[in-house]
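Observations on chain architecture
Chain by chain, the residues run as shown.
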Amino acid sequence: MNIEAIKTIVREQEEELRRLFLSKRIIEREINIPLDSNITVITGVRRAGKSTLAHLLLSKKEYCYINFDDERLYGLEASELNDVLEAFYQLYDSVEYIILDEPQNVEGWELFVNRLGRSKKVIVTGSNANLLSKELSTRLTGRYIDFILYPFSFSEYLKYLDFKPDFYLTEVIAKTKNHLSDYTKKGGFPEALSLGKRFLLRLYDDIINKDILARYGVRYIKALKELGKFVLSNFSSEISYNSLREFLKVKSVHTVKNYLGYLENAYLVFLIEKFSYSIKDRTKAPRKIYLVDTGIGNLGFRFTEDRGKFIENLVAIELKREKEKNPLLEIYYWKSYSGKEVDFVLKEGRKIVSLLQVSYDITNPKTRKREISALLKASAELKCKNLILINWDYEGEEDIKGEKICFLPLWKWLLSHRVH
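Below or above, wherever it landed, is the structure these notes cover. (Residues numbered from 1 in each chain as written. Predicted model: local features only at pLDDT ≥ 70, side-chain atom pairs only at ≥ 80, totals over all residues. Heavy atoms only, no water.)

Spatially, the 9 strands line up as an open sheet ordered β6-β8-β7-β9-β10-β11-β12-β14-β13, and their pairing is mixed. If you trace the sheet from one side to the other, it starts and ends with β6 (237-239) and β13 (396-400), each paired once. The average undirected angle you get between the axes of adjacent strands in this sheet is 35 degrees. Two elements, strand β9 (residues 329-335) and strand β10 (residues 341-348), share 6 bridges in a ladder whose sense is antiparallel. In the sheet register, Y332 faces β10, and the bridge partner there is V345. Contacts between helix α12 (residues 253-265) and the sheet are confined to β6, β7 (269-274) and β8 (287-291), with β7 contributing the most and set at about 120 degrees to the helix. (Pairing = 2+ DSSP bridges. Helix = DSSP H or I, 4+ residues; strand = E, 2+ residues; numbered from the N terminus. Axes fitted to C-alpha atoms, helices over the stretch in contact; angles between N-to-C directions. Contact = heavy atoms within 4.5 Å.)

Right under this line is the structure:
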């Protein structure tokens, strides 16, 4: 590809972005990404807003941009990447800041980025964890910082609606809960908020077909698609490789592990391990699986609306966002030998800092007793006194069997670290 053709692509992509920013309401994201390192990597699921975030980060600077997820650039080789740089030099007065969108579509791209990072500030965005992390960790050890961007949080969703929450006005609280119900159903993908379920269906198909089947050359296509459907209908649940192997009717557990890994690498799902002081026990125990967005969960097949699963998934996503701010945070679930379960165990260093239980409705005495009993059991075993029970409506603090339990409505927990 000659340099003039690359210049045309760069200019047309630039114009497309200009029109996008003029036609759509752009929301400032709440993830703090300092540009201290010469190479900054932003990963995450497709259409979460990675490219928009990169442009916002450099909005007050002159910068160059190219998106390699463009059919005109397919087949571009690593040896031609220097022509991209040459095109930038011809088009722009300053080439100090560069955004490279989905560069993993070019084999050998990481060497190019490595060279750029010696003299320029480079932001790399991409939607595949394996392709980004493995190559970069090999070539750029210690020379880059990386962040995962998730779809809109509830707080960002309210900003999109231009709605300002208030902790004390009854009318505003009622509207906040209504918005939370909608957010749970629609999810946080920016385009899904205007295009709805049709967008989510297309996005899911793109993740399966483009980010997984096309990239990994999957042998058992039907099995992988069945695994995807299974996850859409069984999120916020324990899974085991053996049970999935039987469900998918494949011969090897190794195949199941690989296919789950593909879903993780595409950021469609994430897994949480069971807490144990033994690494061996953690490795052997079932994991809990969550979706990157609850809107996608509404594509699954279910007979009844299990609101508990949806709000547990919302809490899991929010905790993953917190982990981006605090890399020392570790997230687990806990389960006793008798089957008592606490949804989230939060650990920093050697200390268990919090136990979170999630239940949609605790007005049912049996449900309330079950959830509290599990919290108290985990508290005694893990020596943790910070006990929180997240639910839909009830707020309060109660002393139960000598332990203090904080009851928080989901909307307030989601906003509490942002609204004062």
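This is not the end of the story, as more comes after the structure.
Let us look at unusual backbone geometry. One non-glycine residue with positive phi stands out, namely Y267, at about 65 degrees. Locating Y267 in the fold gives a position in the loop between α12 and β7.

Attention shifts here to the packing of helix α3 (residues 81-91) against helix α4 (residues 109-116). Geometrically, a packed helix pair is captured by the angle between its two axes and the distance between the axes. Following both chains from N to C, one finds α3 and α4 inclined at 40 degrees, their axes separated by 10 Å at the closest point. The orientation of α3 with respect to α4, classified from their angle, is oblique. Where α3 approaches α4, its residues L81, N82 and L85 are matched on the opposing element by W109, F112, R115 and L116. Here the contact of α3 with α4 is composed, by residue class, of 5 nonpolar, 1 polar and 1 charged. (Parallel < 35°, antiparallel > 145°, perpendicular 65-115°, else oblique. Nonpolar A, V, L, I, M, F, W, Y, C, P; charged D, E, K, R; others polar.)

What follows covers α3. Every buried residue of α3 is listed here: L81, V84, L85, A87, F88 and L91. Looking straight down α3, one finds its buried side chains confined to an arc of 155 degrees; they lie on one side. Residues of α3 that are buried make contact with α1 (3-23), β2 (63-67), β3 (97-101) and α4. (Buried < 20%, exposed > 50% of the residue type's maximum accessible area, 1.4 Å probe, protein only. Arc of directions from axis to C-beta.)

As a further point, take the sheet that holds β3. With parallel pairing, the 5 strands of this open sheet are ordered in space as β2-β3-β4-β1-β5. Of all strands in the sheet, those bounded by a partner on one side alone are β2 and β5 (144-148). For this sheet, the mean angle separating the axes of adjacent strands, direction not counted, is 15 degrees.

As a further point, take the packing of aromatic side chains. Here a ring pair, both rings aromatic, is described through the centre-centre distance and the interplanar angle of the planes. This structure, assessed with the given rule, holds 18 aromatic pairs. Between Y290 and F344, the aromatic rings sit 5.9 Å apart at their centres with planes inclined by 35 degrees, giving tilted as the arrangement. Within this pair, whereas Y290 is found in strand β8, its partner F344 is found in strand β10, the two being separated by 54 residues in sequence. Like Y290, the residue F344 is buried in the burial classification. An aromatic cluster is defined as three or more aromatic residues linked by ring pairs; in this entry it consists of F154, Y157 and Y183. One Lys or Arg, K288, reaches over the ring of Y333 and ends 5.8 Å from the middle of that ring. (Phe/Tyr/Trp six-rings, centres within 6.5 Å; stacked < 30°, edge-to-face > 60°. Lys NZ or Arg CZ within 6 Å of the ring centre and 35° of its normal.)

Attention now goes to helix α15 (residues 307-325). Across its 19 residues, α15 extends 28 Å between first and last C-alpha, which sits within 8% of the 27 Å expected from 1.5 Å per residue. The backbone nitrogen of G308 has a side-chain oxygen 3.2 Å away, supplied by the residue at the start of α15, namely D306. (Expected span 1.5 Å × (residues − 1). Polar contact = N/O pair within 3.5 Å; in protein donor to acceptor, adjacent residues only side chain to side chain.)

Throughout the structure, instances matching the rule amount to 30 salt bridges. For the salt bridge of R25 with D162, the shortest nitrogen-to-oxygen distance reads 3.8 Å. Note that R25 is positioned in the loop between α1 and β1 (39-43) and D162 in the loop between α6 (154-160) and α7 (170-186), a separation of 137 residues in sequence. Classification of R25 as partly exposed rests on a relative accessible area of 46%. A network of salt bridges, in which partner residues are shared, links K288, E312, E341 and D343. (Salt bridge = Lys/Arg side-chain N within 4 Å of Asp/Glu carboxyl O.)

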